[in-house]
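One-letter residues, chain by chain:
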Amino acid sequence: MNNPQIAVSSWALHRTLGSPPFRGVEDELVDSVELRQALLKLPAQIAAHGIFIMELCHFHLPTRDEAFIQEMRSALDDAGVQLHALLVDDGDLTSAQTGHRDLEWICDWLPVAERLGAQKVRVIAGKTAGEKAVSTSAMMLRLLARYTTAHNLRLTTENWFAVLSSPAAVRQLLEETEKRVGLNLDFGNWSSASKYKDLAAIAQFAESTHAKADFAESGEIHADDFVSCLDLPYPPEFRGPFTIVAGGPDDDWQGIEATRDFIEQHFHG
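Residues numbered from 1 in each chain as written. Predicted model: local features only at pLDDT ≥ 70, side-chain atom pairs only at ≥ 80, totals over all residues. Heavy atoms only, no water.

**Some remarks on the overall build of the protein**
Looking only at helices and strands, one finds 8 helices and 8 strands in the protein. Projected onto its principal axes, the C-alpha coordinates of the protein cover approximately 45 × 45 × 30 Å. Burial statistics for the protein: of 269 residues in total, 53% are counted as buried. Intrachain contacts of the protein at a sequence separation of at least 6 include 82% that bridge at least 24 residues. Across the protein, the 23 positively charged side chains and the 39 negatively charged ones have centroids separated by 6 Å. (Helix = DSSP H or I, 4+ residues; strand = E, 2+ residues; numbered from the N terminus. Buried < 20%, exposed > 50% of the residue type's maximum accessible area, 1.4 Å probe, protein only. Contact = heavy atoms within 4.5 Å. Lys, Arg positive; Asp, Glu negative; His and termini not counted. Charge placed at Lys NZ, Arg CZ, Asp CG, Glu CD.)

Here's what the structure looks like:
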């Protein structure tokens, strides 16, 4: 693979941001001066480490206030950092009780992603397993895709939670959403004995990855696992990004640097 892109998720920098608590569908965002300042510094810090693409977890935003969103957009632009995706990390589109409420909540994030200059918004396909779960998810995602397109965003999901817990489910969802939804392939969400076989079965559909490296207590990357994931049979045109989603055992930046260097050395020698 020539010149794969490398990105970093704000999740890999959760400690750097002060470990703000998770906030989901039923919660208010946690606003603080400290989080605002830390988040606004992040693009320049990422660029200083030679990475110019990032992803942002929705709950790392302290507010959706227009003035702050414009500040964050300016921080990204000034650092020359592209926001690849806003990661909407809650909601269950397959829930019979709350699916439509959660769809509305996800839609509320779309104008935020657009104003931040994101290329994509990544959502959870569903958490409620069942015989019709994949088709229910596909129906809701097709509807959501209409709204993402209106906001100049590409909609993606990933192999995560109950609905997309197998290669067959991923393939079915992508077929039923008729190319309106892309796949972000996560290295760490599947952990069964057939992990590499299962990931290989969906790698051909990947538009991006969450390149989660596992670290030993010493700070060394578990190389065999990571190499197996980097060498999956991606489509010929695939260039990533490989998005770093884990900091090191003791320090966020140490883990990010180690993962960045590992990816670069793996592909360039």
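**Details of the pattern of salt bridges**
Summed over all chains, the structure comprises 15 salt bridges. E66 serves as the salt-bridge partner of R115, at 2.5 Å between the closest nitrogen and oxygen. With R115 in helix α3 (residues 99–116) and E66 in helix α2 (residues 66–79), this pair connects stretches of sequence that are 49 residues apart. Residue R115 is classed as partly exposed on the basis of its relative accessible area, which comes to 24%. You can call E66 partly exposed: its relative accessible area is 39%. (Salt bridge = Lys/Arg side-chain N within 4 Å of Asp/Glu carboxyl O.)

**Let's talk about the pairing of strand β6 (residues 181–186)**
A regular strand places its side chains on the two faces of the sheet in alternate fashion. Most of β6 is tucked away, with 6 of its 6 residues classed as buried. Residues of β6 alternate between two faces, with V181, L183 and L185 on one and G182, N184 and D186 on the opposite face, all of them buried. Of the pairings in the sheet, the one linking strand β5 (residues 154–158) to β6 comprises 4 bridges and is parallel in character. Bridge assignment links E158 to a residue of β6, and that residue is N184. Following the backbone out of β5, through helix α5 (residues 167–176) and into the adjacent parallel β6, one traces a crossover that is right-handed. Bridging between β6 and strand β7 (residues 206–211) involves 4 bridges; their strand directions are parallel. Counted as the bridge partner of D186 is H210 from β7. In the classification by handedness, the crossover that spans β6, the intervening helix α6 (residues 195–202) and the parallel β7 is right-handed. (Pairing = 2+ DSSP bridges. Right-handed = clockwise from strand over helix to strand, strands pointing away.)

**Comments concerning the sheet that holds β6**
An order of β1-β2-β3-β4-β5-β6-β7-β8 is seen for the 8 strands of this closed barrel, with the pairing classed as parallel. Going from strand to strand, the sheet's axes swing by 30° on average, the running direction of each strand aside. (Axes fitted to C-alpha atoms, helices over the stretch in contact; angles between N-to-C directions.)

**Quick look at the environment of S19**
Looking at the secondary structure, you find S19 in the loop between β1 (6–9) and α1 (33–48). Separated by 41 residues in sequence, S19 and H60 place their C-alpha atoms 9.1 Å apart.

**Focus on α1**
The first and last C-alpha atoms of α1 sit 23 Å apart over 16 residues, in line with the 22 Å expected at 1.5 Å per residue. Its maximal kink placed at L42, α1 deviates by approximately 35°, while the proline P43 follows within four residues. Along α1, the positions that sit buried rather than exposed are L35, A38, L39, L42, P43, I46 and A47. Against β1, β2 (53–57), α2 and α8 (252–268) lie the buried residues of α1. A positive phi of about 75° marks G50, the residue just after α1. (Expected span 1.5 Å × (residues − 1). Bend = angle between axes of the 7 residues up to and from the residue.)

**Brief notes about the packing of aromatic side chains**
One pair of aromatic rings is described through two measures. These are the centre distance and the angle between the planes. Following the criterion strictly, the structure yields 11 aromatic pairs and no others. Clustering of aromatic rings is evident, with ring pairs tying together F187, F226, Y234, F238, F242, F262 and F267. R64 extends its terminal NZ or CZ atom over the ring of W109, reaching a point 4.3 Å from the ring centre. The lysine or arginine in question, K127, covers the ring of F161, its NZ or CZ lying 5.0 Å from the ring centre. (Phe/Tyr/Trp six-rings, centres within 6.5 Å; stacked < 30°, edge-to-face > 60°. Lys NZ or Arg CZ within 6 Å of the ring centre and 35° of its normal.)

**What about unusual backbone geometry?**
With an omega of 15°, the peptide bond running from G240 to P241 counts as cis. The topology assignment puts P241 in the loop between α7 (223–230) and β8 (242–244). Its identity is not glycine, yet E178 carries a phi of approximately 55°, on the positive side. Locating E178 in the fold gives a position in the loop between α5 and β6.

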